[in-house]
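The primary structure of each chain is shown beneath.
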Amino acid sequence: MDCWKQEESNTWTFPTLIICLCGFFSMLKPSEPFLTPYLTGPDKNLTTDEVTNQVFPVWTYSYLALLLPVFLITDYVRYKPVLLLQGISFIVTWLLLLFARGVVAMQMVEFFYGMVTAAEVAYYAYIYSVVSTDHYQRVTSYCRSITLVAATTGAVLGQLLVSLADASYFHLNAITLASVSLAFLCSFFLPMPQKSMFFHRRESSETLSRTDKTGATISCNTPPSCQEDKSSPSPDMGPAPEQQAGNAKPQHHVLRVLVQLSKDLRDCYSSRKLLHWSLWWALATAGFNQVLNYIQVLWDFRAPSHSSAVYNGAVEAIATFLSSVTSFIVQYVKINWDLFGELALGIFSTIDAVSLLLMHFTTNIWACYAGYLIFKACYMLLITIATLTLGSRSQST
């Protein structure tokens, strides 16, 4: 029994390692900072107007449409199938980017990439379903750190290949395809979780666990001949708990979960401060995603890629590094964010607004780069503060 408990406590290392490998290879995308030059260059030969008005908006709307359904499906199927779906969507995205041409094909790229980003919830939620609460802080640090390292490494690699090796954007996309394919292969080795947040709650798994332990205790006190026959239930006995759960109507269970979810949301957002921070989070994330979606178009307009050097990869690497530093510092600053959080929210949101205005009105590409660095660092700082504030407020409600 002691060996069994020790084995159970050590099982967090394997799924953490595999999910970190998935995160690393899925974020190692040296081609991503050069998407707009690739689409408007000789490889795809699209116009800036087509990219801006017909291609990029598809990601925004597909991500919005898929986010809630994918979130619920992720919980219902217990994460791993959605991680596999994300891997398939990654591969389809880059196969289309490499070999398809035309506006419609690139719109399909954006749709599948919307599926990828909507399924990101499975990456961050999976690990909590397979490790104990004692390891939550450590595995969260590992999972988030590895994605930042991979994003920085990919951006630096892409910039070095473009600037020093004179690599084509096509070859960068081929490297990215290989990387996301490795992430897809790694996801096959993930253990299947036995519980989830809503549809497969901990209580049911604990009940079954107690039942299994009771059965194990009884089997230890019975002769081997009886243990051999334990799989065949007595006709006098009622159905097993698993059979009763299986006989329950699935639609009633789903309805009960949705009702509980709505009740949790109502209780959670009864706090006005919690509601304010949540609204800011939603609006800020929407704005941040829009900036990420179109920033390369702005850079290409300020310094056309066909006639000037492109430093998109270097800028993205520095931006990711600054974002990780600011997020890391917040964890150790001794400030009552519940008290001073809204003040910080106002100050850094104003700085973000000024940086956006700077990027819009300046004609200098370096000032545009600097504005983007400030914008992304301040946004990541505020998101970290919002995470701390929402976490503390939700626990107190």
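Residues numbered from 1 in each chain as written. Predicted model: local features only at pLDDT ≥ 70, side-chain atom pairs only at ≥ 80, totals over all residues. Heavy atoms only, no water.

**Comments concerning the overall build of the protein**
Note the threshold: By the criteria applied, helices consist of DSSP H or I runs no shorter than four residues and strands consist of E runs no shorter than two, each listed in order from the N terminus. We call a residue buried when its accessible area falls under 20% of the maximum for its residue type, exposed when it is over 50%, and partly exposed in between, using a 1.4 Å probe and counting protein chains only. The contact criterion used is simple: two residues touch if any of their non-hydrogen atoms lie within 4.5 Å. Values of accessible area rely on a 1.4 Å probe in the Shrake-Rupley scheme; residue burial ignores everything except the protein chains shown.
Counting its regular elements, the protein contains 17 helices and zero strands. In the protein, which comprises 397 residues, the share counted as buried stands at 40%. When contacts within the protein are restricted to residue pairs at least 6 apart in sequence, long-range pairs at least 24 apart make up 83% of them. Accessible area for the protein stands at about 21,900 Å²; split by element, carbon and sulfur atoms hold 66% of it.

**A closer look at the packing of aromatic side chains**
As a reminder of what qualifies: Only centres within 6.5 Å qualify two rings of Phe, Tyr or Trp (six-membered ring in Trp) as a pair; their planes then separate them into stacked at under 30 degrees, edge-to-face at over 60, and tilted for everything else.
Taken as a whole and assessed by the stated rule, the structure comprises 15 aromatic pairs. An angle of 20° between the planes, with centres 5.6 Å apart, marks the rings of F34 and Y169 as stacked. On the criterion of sequence distance, the pair formed by F34 in the loop between α2 (13–27) and α3 (35–40) and Y169 in helix α9 (residues 169–187) is long-range, its members being 135 residues apart. Each of the two residues, F34 as well as Y169, counts as buried. Look at F99 and F170: their rings are 6.3 Å apart centre to centre, the planes differ by 75°, and that puts the pair in the edge-to-face class. Of the two residues, F99 sits in helix α5 (residues 80–99) while F170 sits in helix α9, which places them 71 residues apart along the sequence. With relative accessibility at 60%, the residue F99 sits in the exposed group. An aromatic cluster is present here, built from W299, Y311, W366, Y369 and Y372 joined pairwise through their rings.

**Comments concerning the packing of α2 against α9**
Note the following rule: As a rule, the C-alpha atoms of each element are fitted with a line to give its axis, helices using only the stretch in contact, and angles between N-to-C directions run from 0 to 180 degrees. Every angle not falling under 35 degrees, over 145, or within 65 to 115 is termed oblique; those three ranges are roughly parallel, roughly antiparallel and roughly perpendicular. Left-handed is the label given to a crossing in which the near helix is rotated counterclockwise from the far helix by less than a right angle, and right-handed is the label when the rotation is clockwise. Three residue categories are used. Nonpolar comprises Ala, Val, Leu, Ile, Met, Phe, Trp, Tyr, Cys and Pro, charged comprises Asp, Glu, Lys and Arg, and polar comprises the others, including Gly.
Relative to each other, α2 and α9 sit at 160°, their axes nearing to 7 Å. In terms of orientation, α2 and α9 fall into the roughly antiparallel class. By crossing handedness, the relation of α2 to α9 is classed as left-handed. Counted together, I18, L21, C22, F25 and S26 of α2 and S179, V180, L182, A183, C186 and S187 of α9 form the full contact between these two elements. Looking at the contact of α2 with α9 residue by residue, the class counts come to eight nonpolar, three polar and no charged.

This is a description of form; function is not addressed.
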